[in-house]
Each structure stands twice: as structure tokens, then as C-alpha cells.
Amino acid sequence: LMLYNAEDKNTASAWYLIHARNIDVMMDSTQYGNLASVYLPVGIELPEGVTAHQGRMENEELVLTEIENTVPAHTGMVLKGNSKICSLPITTASIPSIEGNELCGSSVFFTKENGTSIFMLETNDGNALFNLFADSVIPGNKAYLNGREIVAPNGIGLRFDDATGITQMEADSSKSSITYDLMGRKVNQPKKGVYVQNGQKI
């Protein structure tokens, strides 16, 4: 909104429109890092230092699984980033929809129906959880959980499903401990990466 020469803001010259290339999202500091719940009417690319997560309920927790590289329009997500503001590049590329995501949203504010339970991301004193939303007007561009079948008087905890490899190994002295890289070369002191030992990837 631009006011030229103190003109009335309702005149045509009061408005200056530019093409949006990015959407800036404010994030809150939590024990998991900086978080925000988002639902957008456009597809986005994920910049470096920002991850997007879809959600599913599991044992009274919201399990958040990372979405790779791009997020389609009309997808509820939890963003996790390094800074307090993340700038999300808008993309017009065709992105397939995400299956199994229980996070919903709306691009506009709306009034929830009586008896409807909606859980939204709440951050207080560094804590983060999806809590029962008490107001009757649901804000636009925010992700939420439809709580029809959820009973969580103390809120829904978050669990980031970041497991990407083996979390525990037990030594087996009956087998050879020779380690090879993926090119078949013997490795004496393996560093972080994928190797082959006893015919198994480790």
C-alpha cells in the first residue's frame, strides 16, 4: 500500500502491485529449532536451511516426516529452519500431491462449526505442541489437525521422524570385520558413509 502525496488510500494511485516471487514466513524458537505451521495456495521450493514436514497421528503424537525439495499448493506442513524468518520461493512447477498427510489448512480465515475440534501449533517458552484451538475463527495460511477423533486435553506432542540410517549395531565376532566401500575397495578406518561388511550395507 503506497500513499502518494497524502492521497486518499482508496484512490487508484494508492496501490502499487508487484509480482510475488517469495513468501516470507515468521518462525518461533522452540526446543526443536525454529518452527511454523503453514498452508499456502501456491507450490514452494525449500531453500537451504529450511525443511518442511507432513504429519500423521501415531500413539497420541504427531509424527512429522520430511518432505523433499518442493511442496505442492494446498498442503499443510510444519516448517523447521535455522532463522526466525524464512523466504520460500514460489514455484509454478507441477508437484504431485502428498499422500497420508493429516495436516489440513485454509487459505482464508473461516469460522469453525460448533462442536468442531481443531488443533494448531502453539509455541510457549520454547515448547511446541499442537493444542486445542479455543477461538472460533481459524486463521488462514496455517496448518492444523482436524480433531474429530482426537482426545488430547494436554495437547499433542511432536516427534520428528528423522531416522535415516542404522541407530544401533551389535558386534558379531564370528564373522569377518573387513569393511569395503561401494567400489569394492578395502577400508581400514571407515568415516561417515555407506559401506559393505559381511555382505551387508552398513
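Residues numbered from 1 in each chain as written. Predicted model: local features only at pLDDT ≥ 70, side-chain atom pairs only at ≥ 80, totals over all residues. Heavy atoms only, no water.

## Quick word on the environment of P72
So, point 1. As for its placement among the helices and strands, P72 is situated in the loop between β7 (70-71) and β8 (77-81).
So, point 2. By relative accessible area, P72 is classed as buried at 8%.
So, point 3. For the pair P72 and I44, spaced 28 residues apart in sequence, the C-alpha to C-alpha distance is 6.7 Å.
So, point 4. Look past the residues within four positions of P72 in its chain and what remains in contact with it is V42, G43, I95, P96, S97 and I98. (Helix = DSSP H or I, 4+ residues; strand = E, 2+ residues; numbered from the N terminus. Buried < 20%, exposed > 50% of the residue type's maximum accessible area, 1.4 Å probe, protein only. Contact = heavy atoms within 4.5 Å.)

## As for the layout of surface pockets
So, point 1. Its boundaries defined by the atoms lining it, the second largest pocket holds a volume of some 190 Å³.
So, point 2. Lining the second largest pocket are 14 residues, and of these D28, S37, L121, E122 and K142 sit closest to its centre.
So, point 3. Examining the composition of the lining of the second largest pocket, we find that four residues originate from one element, strand β12 (residues 118-124), more than from any other.
So, point 4. Residues of the lining of the second largest pocket, tallied by class, amount to eight nonpolar, three polar and three charged. (1 Å grid on protein atoms, 1.4 Å probe; cavity = no way out; pocket = protein on both sides within 12 Å on 5 of 7 lines; lining within 4 Å. Points joined across faces, edges and corners; volume = space filled by probe spheres on them. Nonpolar A, V, L, I, M, F, W, Y, C, P; charged D, E, K, R; others polar.)

## Points about the pattern of salt bridges
So, point 1. In this structure the tally under the stated criterion is three salt bridges.
So, point 2. R56 serves as the salt-bridge partner of E58, at 3.0 Å between the closest nitrogen and oxygen.
So, point 3. A relative accessible area of 30% places R56 in the partly exposed class.
So, point 4. A salt bridge links E58 to R159; the shortest N-O distance between them is 2.8 Å. (Salt bridge = Lys/Arg side-chain N within 4 Å of Asp/Glu carboxyl O.)

## Structural notes on the pairing of strand β15 (residues 142-146)
So, point 1. Both strand β10 (residues 103-106) and β15 contribute to a ladder of four bridges, which runs antiparallel. Each residue of the ladder has a partner; that of C104, found in β15, is Y144.
So, point 2. Where β12 lies against β15, three bridges are found, and the strand directions are antiparallel. In the sheet register, I118 faces β15, and the bridge partner there is N146. (Pairing = 2+ DSSP bridges.)

## Comments concerning the sheet that holds strand β20 (residues 200-201)
So, point 1. Across the sheet, four strands lie side by side as β18-β17-β19-β20; this open sheet has antiparallel pairing. The sheet terminates laterally at β18 (186-187) and β20, the two strands that pair on one side only.
So, point 2. With two bridges connecting them, strand β17 (residues 179-180) and strand β19 (residues 196-197) associate as antiparallel partners. By the bridge assignment, Y180 is partnered in β19 with V196.

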